[in-house]
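A structural walkthrough
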Amino acid sequence: MTDKKRPIISDTLKSIAIFMMMIALIIIVFSLIEDKFLTTRNLKMMLRHMSISAVTALGLTYVIILGHYDMSFYMVGCFAAMTTSYLNKTDIMMDSFMIGSIHSFVIPAVLAGIAVGCAWGLISGIAVGLFKMNDMVTTIGTGFIAFGTAYLYSKGSFIYDNFLTSGITEINNAQWFHVPFPIILMVGLYLISYLILSRSKFGRNFYATGSNRIAAIFSGVRVVPYIIIAFVICSGLTSLAAIMTTSAQGVGNVKASINFLMPAYAAVYIGISVFKKATVIGTFFGALFTSVMLNGFTLMAMPFYLSDLIIAVSLIIAILLSKIDWTSIQKKNPIPDSGTEMAYEK
């Protein structure tokens, strides 16, 4: 028997190379059409906008790994953003001491928004994981409850109070070493998630639960806590992204994250179409892919409503590609080596 040769390039590196070639091709096309595309200002703006959809998609990745779906996160983000906006307008905010250019109460206000978002995720996680309720129906219900509750803060009106004076806009405007803070935050969250899901026992249990739940249970994995944690992370990161959006807009909007659903699923499934499973790296490149396309079409002055069409088409194509098992096709049509051909001729 002959030993099987190990592939020179791993499947992960091949997938990354495919993504890089796709993105490079799109960048070349847009740079030839629009001179402003490769400017530093435009690239920073593109990555800043990408950070919001990428953080949302990162949270969704945890849920998709387990084989579940979350239809509530984008509405939960609306509630979280309004919670932070409501706390931002209180007198406590303006009475708090200053830390640089921001009032110190900005930090508790942001953390409170993320916390209430995690609470909604906890409810969904317990319902799906512990009580075995259908994930799609359950999360649609919890999402609409959260979205409806968000209207109680201002009866649907915008909240403008203290946004220009509290320093909350620094979440979007701050720069470290000339790099916008949202980009640094995005990269940091992705690095942490990569280490958790790809380099730890906790992450391996996540994938084990998603690939074969019964086998995971017999292996000693407590699957219910993992399901709950996934929904909490999804809602928590979406809440953070919604607060980032609120900071960028400079106003508390009850519909701050209402458009997060399609870009998040598109990013995750574009990654799955290449990596064949939900991964942190795949989601990052999926978010980058959609952001580059949207930025290019925006510079070309295409109508804004076409962005939803572009993302929807990308999502459908990605789902179709994710269903194709390329390895089985390759096994059905193997490429014979020279030794096999010589044996056949003899």
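Along the polypeptide, Thr-139 turns up in helix α6 (residues 135–150). Accessibility expressed as a relative area gives 0% for Thr-139, which makes it buried. The sequence separation of Thr-139 and Leu-240 amounts to 101 residues, and the corresponding C-alpha distance is 19 Å. Apart from the residues lying within four places of it in its own chain, the contact partners of Thr-139 are Tyr-69, Asp-70, Met-71, Ser-72, Ser-124 and Phe-231. Looking at Thr-139, its side chain comes within polar contact range of the main-chain nitrogen of Met-71, at 3.0 Å.

This part is about the state of the cysteines. In total, this model carries zero disulfides according to the counting rule given. Cysteine Cys-78 shares no disulfide, and the gap to the nearest cysteine sulfur, in Cys-234, comes to 14 Å. We note that Cys-118 lacks a disulfide partner, and the nearest cysteine sulfur, in Cys-234, lies 10 Å from it.

Our next topic: helix α3 (residues 73–88). Between its first and last C-alpha atoms α3 spans 22 Å; for 16 residues at 1.5 Å apiece the expected length is 22 Å, and the two agree. Counted residue by residue, α3 has 14 buried out of 16 residues, so it is predominantly covered.

A few words on the packing of α3 against α6. Running from amino to carboxyl end, α3 crosses α6 at an angle of 25°, the nearest separation of the two axes being 7 Å. Our classification of the angle between α3 and α6 gives roughly parallel. In this structure, the crossing between α3 and α6 has a hand that is left-handed. Of α6, the residues touching α3 (which contributes Met-75, Val-76, Cys-78, Phe-79 and Met-82) are Ile-140, Gly-143, Phe-144, Ala-146, Phe-147, Thr-149 and Ala-150. Here the residues of the contact of α3 with α6 sort into ten nonpolar, two polar and no charged.

Let us look at the packing of aromatic side chains. Applying the stated criterion across every chain, the model contains 19 aromatic pairs. Pairing Tyr-86 with Tyr-153 gives two aromatic rings, centres 5.3 Å apart and planes at 40°, and the pair type is tilted. Remark: Tyr-153 occurs in the loop between α6 and α7 (170–173) and Tyr-86 occurs in helix α3; sequence separation between them is 67 residues. Residue Tyr-86 is classed as partly exposed on the basis of its relative accessible area, which comes to 34%. Ring geometry for Phe-206 against Tyr-226: centres 5.4 Å apart, planes inclined by 90°, an arrangement best described as edge-to-face. Placement of Phe-206 in helix α9 (residues 201–211) and of Tyr-226 in helix α11 (residues 223–249) is noted, with a sequence separation of 20 residues between them. Here the aromatic residues Phe-19, Tyr-190, Phe-275, Phe-284 and Phe-285 are joined through ring pairs into a cluster of three or more. Residue placement shows Lys-277 over the ring face of Tyr-207; its charged tip is 4.8 Å from the ring centre.

Our focus in this paragraph is the confidence of the model for the protein. The predicted coordinates of low-pLDDT regions are not to be read in fine detail. Averaged over all residues, the pLDDT of the protein equals 90, while 91% of them reach at least 70. Of the regions scoring below 50 in pLDDT, residues 337–346 engages in one contact with residues more than four places distant in sequence or in other chains.

By the secondary structure assignment, Thr-90 is in the loop between α3 and α4 (91–95). A distance of 2.7 Å separates a polar side-chain atom of Thr-90 from the backbone oxygen of Leu-87. Apart from residues lying up to four places away in sequence, Thr-90 is in contact with Phe-105 and Asn-162.

Cut-offs applied
Residues numbered from 1 in each chain as written. Predicted model: local features only at pLDDT ≥ 70, side-chain atom pairs only at ≥ 80, totals over all residues. Heavy atoms only, no water. Helix = DSSP H or I, 4+ residues; strand = E, 2+ residues; numbered from the N terminus. Buried < 20%, exposed > 50% of the residue type's maximum accessible area, 1.4 Å probe, protein only. Contact = heavy atoms within 4.5 Å. Polar contact = N/O pair within 3.5 Å; in protein donor to acceptor, adjacent residues only side chain to side chain. Disulfide = S-S within 2.5 Å. Expected span 1.5 Å × (residues − 1). Axes fitted to C-alpha atoms, helices over the stretch in contact; angles between N-to-C directions. Parallel < 35°, antiparallel > 145°, perpendicular 65-115°, else oblique. Left-handed = near helix turned anticlockwise from the far one by under 90°. Nonpolar A, V, L, I, M, F, W, Y, C, P; charged D, E, K, R; others polar. Phe/Tyr/Trp six-rings, centres within 6.5 Å; stacked < 30°, edge-to-face > 60°. Lys NZ or Arg CZ within 6 Å of the ring centre and 35° of its normal. pLDDT = per-residue confidence, 0-100.

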